[in-house]
Amino acid sequence: QVQLVESGGGLVQPGGSLRLSCVASGRIFSIIAMGWYQQAPGKERELVAEITSGGSTNYADSVKGRFTISRDNAKNTVYLQMNSLKPEDTAVYYCNALAGIPKYRSWGQGTQVTVSS
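Residues numbered from 1 in each chain as written. Predicted model: local features only at pLDDT ≥ 70, side-chain atom pairs only at ≥ 80, totals over all residues. Heavy atoms only, no water.

Draft legend 1. Geometry of the overall build of the protein. When helices and strands are counted, the protein shows zero helices and eleven strands. If you list the helices and strands of the protein from N to C, you get β-β-β-β-β-β-β-β-β-β-β. By its C-alpha atoms, the protein is 45 × 25 × 25 Å across when sized along the principal axes. Here the protein, with 117 residues, has 42% of them falling under the buried criterion. (Helix = DSSP H or I, 4+ residues; strand = E, 2+ residues; numbered from the N terminus. Buried < 20%, exposed > 50% of the residue type's maximum accessible area, 1.4 Å probe, protein only.)

Structural data, given as C-alpha cells:
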C-alpha cells in the first residue's frame with residue numbers, strides 16, 4: 001500500500017497563494033499517478049489536478065492558469081502551488097495516489113484551505 005501525508009493548508013486572503021505538499025511512502029514504485037482533490041462542505045470530492053508517472057498533467061477548468069501540480073521524485077513528494085486564490089477554492093484538499101495492479105487508490109488525511117478576507 002501507499003501512505004500519503006499532506007501539509008501546507010491554512011487561511012489566506014483572496015488573491016493570495018499557498019503551496020500544498022504530499023509525501024508518499026510505502027510501495028511508491030507502484031504509483032501510476034498522483035493528484036489533488038477538493039471537497040467543499042456539502043459537495044462531492046472533485047479532482048483539482050493530477051500528474052502521471054510520465055509527467056503528464058491534467059487540471060480542472062476552474063483552476064487552470066492558477067494552480068500548478070509538480071513532483072520531486074527524490075523526495076517522493078507532490079506539490080500543488082495555488083495562486084490567485086478565490087473564496088470558492090475553500091475546501092479540504094486531499095492527496096490521492098493511483099497505484100498497483102490491480103489498481104487501487106490511497107488517500108491522505110486532508111488539509112483545510114480557507115480563502116477569506
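That covers the picture; the talk isn't over yet.
Draft legend 2. Here's a closer look at the sheet that holds strand β1 (residues 2–7). Ordered by their spatial adjacency, four strands build an open sheet running β1-β3-β8-β7, and the pairing between neighbours is antiparallel. Two strands bound the open sheet, and with one partner strand each, they are β1 and β7 (67–72). In this sheet, neighbouring strand axes are inclined to one another by 20° on average, regardless of whether the strands run parallel or antiparallel. The pairing of strand β3 (residues 18–26) with strand β8 (residues 77–82) spans six bridges and is classified as antiparallel. If you follow Leu18 over to β8, its bridge partner there is Met82. (Pairing = 2+ DSSP bridges. Axes fitted to C-alpha atoms, helices over the stretch in contact; angles between N-to-C directions.)

Draft legend 3. Representation of the nonpolar core in the model. Counting residues in each nonpolar core, the largest one holds 29 residues, and the members touching the most others are Met34, Trp36, Leu80, Met82 and Tyr93. If you tally residues by element for this core, the top one is strand β9 (residues 91–99), at five residues. (Core = buried A, V, L, I, M, F, W, Y, C linked by side-chain atoms within 4.5 Å.)

Draft legend 4. Molecular detail of unusual backbone geometry. A cis amide bond links Ile101 to the next residue, Pro102, at an omega of -5°. For Pro102, the position within the fold is in the loop between β9 and β10 (104–107). Phi is positive for Asn76, close to 50°, though the residue is something other than glycine. In this fold, Asn76 is placed in the loop between β7 and β8. According to the relative accessible area criterion, Asn76 is partly exposed, its value standing at 30%. At Ser84, a residue that is not glycine, the phi angle is positive and equals roughly 50°. The exposure class assigned to Ser84 is partly exposed, which follows from its relative accessible area of 41%.

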